[in-house]
Structure formats: C-alpha cells, structure tokens
Amino acid sequence: MRTSSNVRAPHLVTTTPEAPRQTLDLATAGDTPILREYRAIKADFPDAIVLARLGDFFEMFGPDAEKAAPTLGLALTGRGFGAAGRLPMCGFPHQALAQHVRKLLDSGHSAAIWDQVGEVVAGRLVRRAITRVLSPGMVVEAELLEAASVSRCVGLFVLPGATGIAAFDPNTQHLELLEVAGDVSGGALADELARLDATEVLVPVGTPVPAAFAGDARVTPLAAALFDPARAADRLRGATGAIALDGLGVAAVPAALRAAGAVLAYCERARIVISPELLRIQVSTTDRAMRLDAHTRRNLELFTRLGGSGTSLLQLLDATRTPMGVRMLRARLHEPLIDVADITRRLDSVDALLGARDVRRRLRDALAGVRDLERLVARCVQGIATPRDLGAIRDTCAALDAVASVVRDAAGSPELIDAAANCVAPEGLHARLQALLAEDLPTTAADGGSIRPGADAELDTLRGAGSSARTYLAALEASERERTGIRSLRVGYNRVFGYYIEVPNAQRERVPDGYARKQTLAGAERFTTPDLKEHESIVLQTRERAIAREMELLGEATALVAGGARALADAAAGVATLDVAQSLAMVAEELHWVRPSVDASTRLRIIGGRHPLVERTLGPGRFVPNDLTLDDEARIVVLTGPNMAGKSTYLRQTASIVLLAQIGSYVPAEEATIGVCDRIFTRIGAHDDLSGGLSTFMVEMAETAAILRQASARSLVILDEIGRGTSTYDGVSIAQAVVEYLHDAPQLNCRTLFATHFHELTVLAGQLPRVRNARVEVVEDGAEITFLHRIVPGGADRSYGVHVARLAGIPGGVLVRARQLLADLERARPLGGGGDHGSDQLTLPIAAPGPHPVMRELASLELDAMTPIAALNKLVELHDRAVR
Ligand code: ADP
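Presented here is a report on the structure given in the accompanying data block. (Residues numbered from 1 in each chain as written. Predicted model: local features only at pLDDT ≥ 70, side-chain atom pairs only at ≥ 80, totals over all residues. Heavy atoms only, no water.)

1. What to know about the overall build of the protein chain
When helices and strands are counted, the protein chain shows 26 helices and 26 strands. Looking at the protein chain residue by residue over its 884 residues, the buried ones come to 50%. The long-range fraction of contacts in the protein chain, counting pairs at least 24 apart against all pairs at least 6 apart in sequence, stands at 69%. A total accessible area of about 39,200 Å² is found for the protein chain, and carbon and sulfur atoms account for 54% of it. (Helix = DSSP H or I, 4+ residues; strand = E, 2+ residues; numbered from the N terminus. Buried < 20%, exposed > 50% of the residue type's maximum accessible area, 1.4 Å probe, protein only. Contact = heavy atoms within 4.5 Å. Areas by Shrake-Rupley, 256 points an atom, 1.4 Å probe, with all protein chains shown as cover.)

Set out below in structure tokens:
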C-alpha cells in the first residue's frame, strides 16, 4: 500500500511541505501538458476511474482520487500548484494494477487504463493511450477472472411487448440474442439474467430498472443512440464480416438486435477486440430449455447451500479436471434440457464412461494436461497473452491429442465421439510453438528468454554477440585483479549505473590510470574503463534488440493462435463435454446413482430416492430412501407429518432428481422414470429475503401466485407449507384452495408435491380424484416420538408441534402447559376430526370443499348450443366421472 511519504511518481512529486492551501479541482489545477491530456481523456470517460501510468506508478487525480482512495486503501496526497492550491492524487506501483482494479470493480467502479504506449525518452512527454476500460462484464484478464465462473455483459432493450436481451461473453465471444415477453420488471427477465451469469447490464439511459431484477449485476446506463437499430445492424455486420444479416436470424428479434448494437459499441469502448473468427451469434428462445427461477435455484442449492456453508449441487457433481469442464457443468445446471433425445445423448456418454473404468482413468489423466484453453485463446485474440500463456497453449495442443486418442480408442457414445473429433489443434500450431518457445518461460516477454535457441537466426546472432561481450565481462574481474594486484576488486552491475569496477577505499591508491570514477560509496569507489564501456554497450544494446526480436516472434505466435481461434474454441468445447461426462460418471459410481429413464410422458416414478446433499451431510447409510409415483391417476401428493420429519427433504430430493436427470446426469435413487418437466417450481419455507419490506406471508403468497399463473401441465410443482405464515384457519383455507386449483384448472393438473403440517388437508384425497395422501412415519412411545423419515401412504392425524418443541429444548414446564392448552382447544373447537384421513366426518371449520368438478362442469354447459347426441355423450362422460 502506498503512503504519502515513500512512493510517488517522480515527476509529479511536490517537495513543498504540507501547506494549508485550498483543494483544486481538475479544471482549475495547473496547466501542465500531462494535465491537459488528462482532462481530455477524463471528458471521454467521465464514469470510469482513470488510472494514469506515470513512470512506475498508476496515479489518479481530482475526484477520481478522492473516490478511489478509500476503496483502495490508499493515502490521498496532492500535487501543489503554487498559491493556487493542491490537486488531490493517489496512486500505486504498476505491479499492483490487477489487485487494485479488482477492488475497483468489486465496489462497482469501472477502470480506464491510460497507459504509456510510446518509447520513454528523457525530456519528452511519453505517448499515452487508453488501452483498456474494465467493467464487471468486460474482463478478459486472467488475474481478474475466476476459473469456475463466467461473467457476461448483457444489453437490454425494451420494445412494446418484448424485452430484447443480448448476452456477450468477451472471452468466448459468444453472443446470445433472445427476447422475453414484457418489460424489464418481468420475472422471466430476471430468470434469464441469472441463467446468463450477467455481471453487467447495459440499458438505455432513462430505462426504469427495478432494484431487484438484475440480481448482483451492475446496471450501466448508456446513451440511447447506441441502441439505434440501423447502427446496431451496421455494427453486427462489421463484427461478423457478413454483408447481410439474413442468415443469422436476427430479424426475428428486433429488440435484441438493438441491445446487441449497444453491447458491441461497449466492447469497442472497453478496447475488447472482437474476432470475426471467434464471434458466434446465436438467436435463442426462452422455451428451448427448462427455465429455473431464483427460488428454485436457491432451494435446490445449485450453486450455494442454504444457510451459507456446505456442499452445493455443483460442488457435489464437480469431479472435472479442467476449467472448461466446471464451467460447462455450471451452464448445464443453469439450463436443464427438455428434449428427450438430447438428454438421452448426454446420459449415453455417462453410461459409456461409467462402464469403462480404464478409459475413464486414462481420460482423466489426459484432461489434467489441458489448461484453460478457452481463456488462453481469448488472451491471444486480445493480444495480451504472456509467454507462459503461449507455453500453456503449446502444452495443451499435446494434451488434446492425448485426450482425443483415449476416446477414439474406446468406442464411446455419439456425443463423446463428436467431442473427441473436435479435440484437435489447428494444423501445425503445436509444432510451431514447440519449435519457437523455450522450455521454461518467463512471466513477461520483457524479461527475455522466451524463445528457444536455434529457433530464429537473427535472435541467435544478437544473443551470440551479447554473449561474447558477457564472457569478456565475466572474465574481467579475474584479469583486472591480476593486472592491478587489487585482490578485493569486484566487477558488478546495477540498473542505474550499469557495469562498474568496484575498489574498496583501502586499496584506492592502487587504482590504475585508465580508471574513470563513476560512483562513490561509503567504503568504496566505483570506476569504469573505455574497454568496459564498449563491452557494456554491446551487452545492453544486443539485449535490447534481442528482446525486441523476441517480442516480435511472440507477437507472431500470438497471431497464429488468434487465427486458429475458432478451431481452438471448438476443441475447448470438446474438452469440456468429455470432462463433464467423466465427472458425472465418477460421481455416479462413487455415490451409487442410477441412470434415469427419461421419456416424454408426464409420469414421475422414483424408487429409493435420496436427497443428494442431505445424504452427503448425514454420511453413508444414514439417509432413509423413499419412493414416489406421480402419474395420470395420481397428480398431487399431499404429504403430512410433523415438523422436522423430513417433508421438505422429500420434496427437494424429488425436484433435485428431476433436475439431475434433465441435465443428463445419473440420479440418487434405485430406479427412476422421469417424464420430462418443462419447469420446476418450488415454494419452500420462508426465506429471509424480506428486503422489499413484505411480510413472510406476502412473499409466500406472491410466490404461490406466480406458480399458479406460470405452471403448465408438464411442470413439477413443489409446495412446502403453504399458508404457514397466517392464522391456522386462513392457512388451511388457502392451502386447500391452492390444491383444488392445481387439480382442477385444465391448464394445470400438473405433478405436484404439497407438504403441510395441517393434517386437516388429508381430507382432499377423498374429494379430488387425482390427489393422494402420504405421511412421514413416526413412532410414538408415550411422550417420546421418533422420526423414521419414511414416507408411507395415508395422512397424518395430528401435528406433533409440542413434541418438536420438546426436541428443540423448550423447558418442561412450558411443554406441560402447551399440551394442556392444546387439549382444551381441541375439545372446544375441533379443527378436523383427527381420525381417519379422508373420511367424511372430518369437519373443516371453514372452506367446505368447493363443488365437485362434475357439478362445476355441469353448471357451465351451454345446453342450447348442444345437439341431442352431444348432450347424451356428455351425460355418459359426466356419469362415469361421478361414479369413479
Ligand atoms: P420437515 O420439512 O418435515 O420439517 P426436513 O425435511 O427439514 O423436515 O428434515 C429435517 C431433518 O431430518 C433434515 O435436516 C435431515 O437431517 C433429517 N432427514 C430428513 N429426511 C431424511 C431422510 N430421508 N433420511 C434421514 N434423515 C432425514
């Protein structure tokens, strides 16, 4: 960290002691050339913190300095301008750029890097230019990215009736265009932004953006002109090199096209190079995959565990060996498939690798040699690859061959075979990098030594000339000691004074005539000689030229990689596919999961299902597996049982199993048949996101309402404890009405698990034909109860709340009193019969069940419009349903 005393850029240091002078703003501060340039730059990048490279430091001035200093933990200093006052400043050594930029991005700022791009010549102003503008969605630098996650910049544009989305990952240069119905406040948009891992959202200035919709993403307003449709089309044509856009299908998504125009303009401003080679444009739709809302992602603990700590589903599934693999796994969890053939294709891959242990082991070994190819290529495209990046690509080329040959040798699934066929580097790339690059590479090209001896004649000549001079210098110490008789004479080098001969003061009188003094130290004197000077200049000049030549060669290699970016990106995707398949096979084997049978029915049949994460927490053998059947006869299961019995676990495990099956994974069960679900809805417990000031009950009802509106007959609906947030009577009534609606509404009738501790709801199974009761088995021994966590048919007859209170450690006296009160209440106002589930004697205090569906349909018939035969048919049908 910088303090005011020790580090300052040399030519902006004020040596005047602190004086009580006014603080200047940029406009009034002195008129040095650099400040003039700085002002012009700042006018172009008013919203970013401009980091100006001055010598070995990056400095910030004026309001930027004041804004950034606290965030970066830097001392705010200032440059004095005589009597006029001081301009606030702060800065840090250039080596610390990445860590400071990360902090700026984390705190919501953008950083514009105003770097020295010209040669540094004493006495002349160095040429500077904005080399990068970093913002949360525009990051390609290795130090600022996490291997396992993705960050996308997403443009939004609202047209009447539709919001256009253009999501761009600057690393893969994949641009996805789609439109969702409604404006930016719609839930569908928030779901898409979460799926896309949006870290920055671009909107036209003035677009109202509700606080919660973008999640953690930063919202960046841009000038409306950047969303102009004609300019957007031009930009897209420019970026793709296509003359006509017809083939891309963008005409179908006009709002998204306008958003894409803004994204491309923003890339230009960020100095992100768009490679026509790499850029891939995909027009997609919201119904191409299973859409997951924020609640479901959270309830199924896809990426983080509820309560914060513990293994997430992603972590459980992650036995990948490459960064591409884990990122693809994450993308798959974000976007489960809905097409049976696609799911089967993935499952076949897991199957193939599960059965071939040896292939899997060899594949894992080969994958371990693959580096983050996707991002290495991205850095080559941006021209910021280091020698080590190029070395990593060289090594990866070799590893790709190994990966592909493992899969080729073992007949695998079609998906594996296709993926392996993509695992090839562009022709000749490996050989070229191998021939060019040294074995051990320096961190930066400026250090020299990146190029293998023998790779380039010009470089070899320069190095040869340098090395004979170096040999002379190396021998100089011995020869001068001999010649002068000064035993303690030393030849050394430092960056400021270059080469020197050092003689301790004690031996000073023996210094020969030809020595010229260079530097005086406390105990010694440093000299040079004409001969030494000559050799020194050969060493330094040849070194400089050699490094320039090395850079040239590295630049060519970088361009070679960038030219093959498409093939390398395909190889990276192939690697990811293989890696995910082997990861899922590893997990399936280790955790004893089975292959689900996935079909287009609306059945769900699970034998011996387990909750993947709870099972892991409990340890081997302690989780009680459970069965479930939902089909055309049984659409809704009402699950009753005391709190803490395992209802919520059962619900969540069912949803997790469906989700796992649809990403193409094996599942934690003995057997599973999954009729593909178009969406999974979960409403589980009360969570603590009451940020909007809504009551728990209001949140619960809003979520339930969303489910009832959005679910379809193919959805899986998981409802846990609906109605808990209000009084018992209210709660029971609402819960019952919700179940009736799910059962009766023709567009719903979807597979539903409904858990409740209101045992009164078991009555519904007797009234609605497709509702079944299930309960969590409990063993009672006097006042003691034991939860068996086993789900059995039938309904629970009471709530056991007082028992749970005892388990939780409520003092004995309180429990005795509670039991007494409960008995009194039950005598006074029987809430449900407490006897057989589903029997008619159950008297719900309110909400007698609605009219039988047959009655409702009868009432709605338009008899005048029916022919006698249609009426007769209807009568037969209604009769059948009534007696069933
Ligand atoms: P409920 O929803 O009925 O209040 P939970 O599903 O939250 O109960 O389960 C409470 C605890 O019981 C879980 O944290 C877990 O430790 C344990 N549990 C639940 N289901 C099982 C099971 N099938 N096998 C073993 N333990 C279970």
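Now, onward.
2. So, the packing of helix α10 (residues 340-354) against helix α18 (residues 565-591)
Two elements in contact, α10 and α18, have axes whose closest approach is 8 Å; the angle formed by their N-to-C orientations is 65°. Along this stretch, α10 crosses α18, giving a crossing that reads as right-handed. Across the interface between the two elements, S349, V350, L353 and L354 of α10 pack against L578, A581, Q582, L584, A585, A588 and E589 of α18. Across the contact of α10 with α18, the residue classes break down as eight nonpolar, two polar and one charged. (Axes fitted to C-alpha atoms, helices over the stretch in contact; angles between N-to-C directions. Left-handed = near helix turned anticlockwise from the far one by under 90°. Nonpolar A, V, L, I, M, F, W, Y, C, P; charged D, E, K, R; others polar.)

3. Section: the pairing of strand β16 (residues 524-528)
By the criterion of burial, β16 is predominantly enclosed, with five of the five residues buried. Side chains A524, R526 and T528 of β16 all project onto a buried face; the interleaved residues E525 and F527 project onto the opposite face, where all are buried too. Summarising the sheet, strand β14 (residues 498-504) and β16 pair through four bridges and their orientation is antiparallel. Bridging across to β16, V503 finds its partner in E525. As paired strands, strand β15 (residues 516-520) and β16 are joined by four bridges and run antiparallel to one another. Bridge pairing links A516 to T528 in β16. Between β15 and β16, which pair antiparallel one after the other, the connecting turn spans three residues. (Pairing = 2+ DSSP bridges.)

4. Comments concerning the packing of aromatic side chains
Counted according to the given criterion, the structure contains six aromatic pairs. Taken together, a centroid distance of 5.9 Å and an interplanar angle of 35° make the contact between F58 and F92 tilted. Of the two residues, F58 is situated in strand β2 (residues 57-61) and F92 in strand β4 (residues 86-93); the sequence distance between them amounts to 34 residues. Taken individually, F58 and F92 each receive the classification buried, so the pair is uniform in this respect. Considering the side-chain rings of F157 and F227, the 5.7 Å spacing of their centres and the 25° angle between planes classify their relative orientation as stacked. (Phe/Tyr/Trp six-rings, centres within 6.5 Å; stacked < 30°, edge-to-face > 60°.)

5. Things to note about the pattern of salt bridges
Evaluated as defined, the whole model comprises 49 salt bridges. Between E192 and R195 there is a salt bridge; the shortest N-O distance is 2.7 Å. Highlighted residues: E192 and R195, both in helix α4 (residues 187-195), separated by three residues, approximately one helical turn. A residue is classified by how much of its surface remains accessible, and E192, at 2% relative accessible area, is buried. Classification of R195 as buried rests on a relative accessible area of 10%. Here R218 and E200 are joined by a salt bridge, their closest N and O atoms 3.1 Å apart. Here the residue R218 occupies a position in strand β11 (residues 218-222), and E200 occupies one in strand β10 (residues 198-204), the gap between them amounting to 18 residues. Both residues of the pair, R218 and E200, count as buried. Here the salt bridges share partners, and the residues they tie into one network are E176, E192, R195, R288 and E335. (Salt bridge = Lys/Arg side-chain N within 4 Å of Asp/Glu carboxyl O.)

6. Topic: the environment of S488
Mapped onto the fold, S488 is located in the loop between α16 (457-484) and β13 (490-494). Excluding its chain neighbours within four sequence positions, the residues that come into contact with S488 are E502, P504 and Q507.

7. So, the nonpolar core
Among the nonpolar cores identified, the biggest contains 114 residues, and L313, L317, L333 and L716 are the most heavily contacted of them. Of all the elements, α18 adds the most residues to this core, at 15 residues. Apart from residues lying up to four places away in sequence, L716 is in contact with L604, L630, T654, A655, V658, C677, R679, I680, F681 and R751. Counting 31 residues, the second largest nonpolar core, distinct from the first, contains A239, V253, L264 and I281. (Core = buried A, V, L, I, M, F, W, Y, C linked by side-chain atoms within 4.5 Å.)

8. A look at the sheet that holds strand β20 (residues 636-640)
Reading across the sheet, the six strands line up as β22-β23-β24-β20-β25-β26 and stay open at both edges, with mixed pairing between neighbours. Each edge of the open sheet is held by one strand with a lone partner, namely β22 (680-683) and β26 (784-793). Within the sheet, the average angular offset between the axes of one strand and its neighbour, ignoring direction, is 15°. Relative to strand β24 (residues 751-756), β20 runs parallel, the two being bridged by five bridges. From the neighbouring strand, T640 faces β24, where its bridge partner is T756. Helix-sheet contacts for helix α20 (residues 647-663) involve β20, β22, β23 (716-720), β24, β25 (771-781) and β26, and the interaxial angle to β23 is about 160°.

9. Focus on the side chain of T396
Summarising the element assignment, T396 is placed in helix α13 (residues 387-409). A polar side-chain atom of T396 sits 3.1 Å from the main-chain amide nitrogen of R371. If near-sequence neighbours (up to four positions away) are discounted, T396 is found in contact with G369, V370, R371 and L373. (Polar contact = N/O pair within 3.5 Å; in protein donor to acceptor, adjacent residues only side chain to side chain.)

10. Some remarks on the site of the ligand
Around the ligand lies a shell of 14 residues, among which V624, M644, K647, S648 and T649 are the nearest. If you tally residues by element for the shell around the ligand, the top one is α20, at three residues. Here the residues of the shell around the ligand sort into six nonpolar, six polar and two charged. (Near = heavy atom within 4 Å.)

11. A word on the sheet that holds β11
Across the sheet, which stays open at both edges, the six strands sit in the order β11-β10-β7-β8-β9-β12 with mixed pairing between neighbours. Each edge of the open sheet carries a strand with a single partner, namely β11 and β12 (280-283). Sheet twist, expressed as the average angle between the axes of neighbouring strands with direction ignored, equals 20°. Summarising the sheet, strand β8 (residues 162-169) and strand β9 (residues 174-181) pair through eight bridges and their orientation is antiparallel. When the bridges of β9 are listed, I165 appears paired with L178.

12. A short note on the packing of helix α12 (residues 373-382) against helix α17 (residues 530-563)
Between α12 and α17, whose axes approach to 8 Å, the crossing angle comes to 120°. For the element pair α12 and α17, the recorded crossing hand is left-handed. Seen from α12, the contacting residues are V377, C380 and V381; seen from α17, they are T558, V561 and A562.

13. Considering unusual backbone geometry
Its identity is not glycine, yet R271 carries a phi of approximately 65°, on the positive side. Residue M644 is not a glycine yet carries a positive backbone phi of 75°. The class for M644 is exposed, based on a relative accessible area of 62%.

14. A short note on helix α3 (residues 97-106)
Residues of α3 that are buried: H100, V101, L104 and L105. For α3, the angular spread of buried residues about the axis comes to 140°, placing them on one side. Lining the buried residues of α3 we find β1 (48-54), α2 (62-72), β4, β5 (110-116) and β6 (128-134). With its phi angle positive at about 90°, G108 sits one or two positions after the end of α3. (Arc of directions from axis to C-beta.)

15. Side note on helix α21 (residues 696-710)
One turn of the α-helix equals 3.6 residues, which is why residues spaced by three or four share an orientation. Look at α21: 21 Å from first C-alpha to last across 15 residues, which is about the 21 Å you get at 1.5 Å a residue. For α21, the full list of buried residues reads V699, E700, E703, T704, I707 and L708. One side of α21 carries all its buried residues, which in axial view fall inside an arc of 170°. Where α21 is buried, its residues meet α7 (294-299), β22, β23 and α22 (728-744). (Expected span 1.5 Å × (residues − 1).)

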